[in-house]
Amino acid sequence: MKAIYFTGDLTQVETGLQILAPKLGYTIHTDGIEIKLQQQGESLMVSKTIDAIQITFREPAHLFRGLTLLLAHWEQETYHLVEHPHFKLIGPMVDTSRNAVPTVEKIKELLETCSTMGLNQFMLYMEDTYEIPEYPYFGYLRGRYTYTELKELDDYGFALGIELIPSIQVLGHLKNPLKWNFAREMRDTEDILLVDEPKTYEFLEKAIQAASRPFRTKKIHIGMDEAHTLGLGRYLQKNGFENRFDIMNRHLAHVLTITDALDLEVEMWSDMYFRLGSKTGDYYDPEFDIPAEVVNSIPNVKMVYWDYYHHEESEYENLLASHQLLEKPIVFAGGIWTFNGVAPNYGKTMISTNAALAACKKQQIESVYATLWGDDGAETPLDTALLGLQLFAEHQFNAEVPDELLAQRFMEIQHESMAAYLLLDRFDQTPGVAENNPSGSAISKIILYQDLLLGLYDETISSFDLTTHYKQLAQELKTCSRANHSEIFAHYTRLADLLVIKTDLGIALKAAYLACEKTQMRELLVTINQLKEQVQELRLGHRKIWFAANKAFGWEILDIRYSGILGRIDTTIWRIEAWLENDQPIEELAAERLPFDGPYPMPEGIILGRNLYHGIISPSKLSDV
């Protein structure tokens, strides 16, 4: 433990320095070595000589990054660093609305990590995971944050030089809360609020007050993205068809009367203007047409251009130029691909981020978010995104970020191996998937959940040697170097071992059944029982990771998913034993297998695909009328 003390410009950083002491391995004591702090200029400068140590910084988060790097080189007699920030604001957006609601302690831990990287903003995406006292069913049993919890997080972030920003939804993406009867009169469609309905704005006034009150910032993000059926539900029944641009702008104006009264600065996702201006509803359609009168009537908001998909810098430059036509300040939101699958997609994360942030630097975008979505159940643990956050941080302080620099900083700041984290990318970067997984294939999730008897994806995967791929991955995971997060790497090692067994198991069962190979089928029963034990171990390990990071609410969904695998394994064993003993037909194994076709069209040459849980487990209805 290093003994140090600080002199100079301490007013804004003293509490943060105390918070970070245990994480960075120092104590603050006047008998220690002096580090002089000077808050001035735009650059981050660290200077360590035999005679003196000084850090010059623009703002607290930059100081904490400089201190972290200084301590990483503490044993050197001299150390010099000069870095120039490229963005005024940069940091993560953490999704707390896809079942996983990180605990206060977990968010604090992530805030500490962000501060050591020099990130200075942090957005909490909360669809219905914040408390509105007047609406007790809003976020009911969903792990919603209380005012006290959010205030505690805001205080913690402030001490670390990080601005916490609430992100809510005031139009769409509200399927969870709108299912309750309190929302009956303000529901347009199942996930969209009814525009022009007074009860809608009574609700939104309370929602915006509740979401903004715990935070120092005067910023709020109001969502309004992906409202695909806006004006086409009860609104259409009440009012007939109306220009949907007008509905958008009128609703936005209503919302801004609320935010203006609270003196809030508003950001919103930009996509609906481009979708409504596209004949196909495509956000990125180059043939969009937004009439001048629509642009002129858009109220005063910042437009957040979100894009995690494109791989070429020129594509981002063109889309940023399109956003300029809205005549509003532009914020950019890129993505760390932790969503839809059970493991991160780092190939797509890195190629899209490098291209996007290069374009943002050229066009002098001031504010950038790194989104960490948890779509389809937040099955990928939050900490798997740490390398992606490091990538965003290095783009803040470097004109370009070669892999060697990223690996160096990841080790210096987070004491983690980039090579180890990139192993996680290989769960879905498999044979049959193009380099960098451009279409977001999530074959590891498909294999994990697909049914042994139904084999919906068996025909699709049968021509690829995925078993050998996962054998090699499992071996490398067992021997890779990692300093922290051992539980997460143990979880992924168990997953790889499971995929080795399960990938071709359904194919083998069908072949043995059709060939009436009962001896082989008995051998496969042994394998199935081994798989059952592996699923249970995977579930228990995942549960431990979840409860170490998240509130309890939401885990019940993953419990149900794992239990579904186990239940179907039991039925598979029962069906096979009935065939072995009594020649009871197994209709599922006799049925023809077709290549999986849907719901996402995959580009030519990309044979393996992705799907959500309900589409993987069965072609039958999971729950519906």
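This one's a predicted model, so the numbers in the text were calculated from it and none came from an experiment.

**Considering the overall build of the chain**
Now for step 1: Of the regular secondary structure elements, the chain holds 24 helices and 16 strands.
Now for step 2: Taken over C-alpha atoms, the radius of gyration comes to 26 Å for the chain, in line with the 25 Å a tight globule of 625 residues would show.
Now for step 3: Oriented by its inertia axes, the alpha-carbon framework of the chain measures out at about 85 × 70 × 45 Å.
Now for step 4: In the chain, which comprises 625 residues, the share counted as buried stands at 59%.
Now for step 5: Partitioning the contacts of the chain with sequence separation of at least 6, the portion at a separation of at least 24 is 75%.
Now for step 6: Carbon and sulfur atoms make up 50% of the accessible area of the chain, which totals about 25400 Å².

**Section: a nonpolar patch on the surface**
Now for step 1: A cluster of nonpolar residues, Tyr 137, Tyr 140, Leu 141 and Phe 553, forms a patch on the protein surface that exposes about 410 Å² of accessible area.
Now for step 2: With respect to the helices and strands, the residue Phe 553 is situated in the loop between α21 (518–549) and α22 (555–582).
Now for step 3: Of the residues examined, Phe 553 reaches a relative accessible area of 36% and is grouped as partly exposed.

**Overview of the sheet that holds strand β1 (residues 2–8)**
Now for step 1: Strand order in the open sheet formed by six strands is β2-β1-β3-β5-β4-β6, and the pairing between neighbours is mixed. Here the strands that pair on one side only, and so sit at the sheet edges, are β2 (26–28) and β6 (79–83). The average undirected angle you get between the axes of adjacent strands in this sheet is 25°.
Now for step 2: In terms of strand pairing, β1 meets β2 through three bridges, oriented parallel. Bridging from a neighbouring strand, Ala 3 pairs with Thr 27 of β2.

**Quick notes on the pairing of β6**
Now for step 1: Taking every second residue as pointing to the same face, the buried face of β6 carries Tyr 79, Leu 81 and Glu 83, while none of His 80 and Val 82 on the other face is buried.
Now for step 2: Where strand β4 (residues 44–48) meets β6, five bridges bridge the pair, whose relative direction is antiparallel. Paired with Met 45 across the two strands is Val 82, which belongs to β6.

**Side note on the nonpolar core**
Now for step 1: Core analysis: the largest hydrophobic core is formed by 211 residues, its most contacted members being Tyr 273 and Phe 427.
Now for step 2: Element by element, the count of residues in this core is highest for α22, at 10 residues.

**Points about the side chain of Asn 437**
Now for step 1: Looking at the element boundaries, Asn 437 is found in the loop between α15 (418–425) and α16 (443–449).
Now for step 2: Exposure remark for Asn 437: the relative accessible area of 2% places this residue in the buried category.
Now for step 3: Each residue touching Asn 437, except ones within four places of it in the same chain, is listed here: Asn 345, Lys 348, Asp 428 and Gln 429.

Rules behind the numbers
- Residues numbered from 1 in each chain as written.
- Predicted model: local features only at pLDDT ≥ 70, side-chain atom pairs only at ≥ 80, totals over all residues.
- Heavy atoms only, no water.
- Helix = DSSP H or I, 4+ residues; strand = E, 2+ residues; numbered from the N terminus.
- Rg over C-alpha atoms; globule rule 2.2 N^0.38 Å.
- Buried < 20%, exposed > 50% of the residue type's maximum accessible area, 1.4 Å probe, protein only.
- Contact = heavy atoms within 4.5 Å.
- Areas by Shrake-Rupley, 256 points an atom, 1.4 Å probe, with all protein chains shown as cover.
- Patch = residues over 30% accessible without salt bridge, like charges linked within 9 Å, V, L, I, M, F, W, Y side chains within 5 Å.
- Salt bridge = Lys/Arg side-chain N within 4 Å of Asp/Glu carboxyl O.
- Pairing = 2+ DSSP bridges.
- Axes fitted to C-alpha atoms, helices over the stretch in contact; angles between N-to-C directions.
- Core = buried A, V, L, I, M, F, W, Y, C linked by side-chain atoms within 4.5 Å.

Interpretation in functional terms is not warranted from these geometric data alone.
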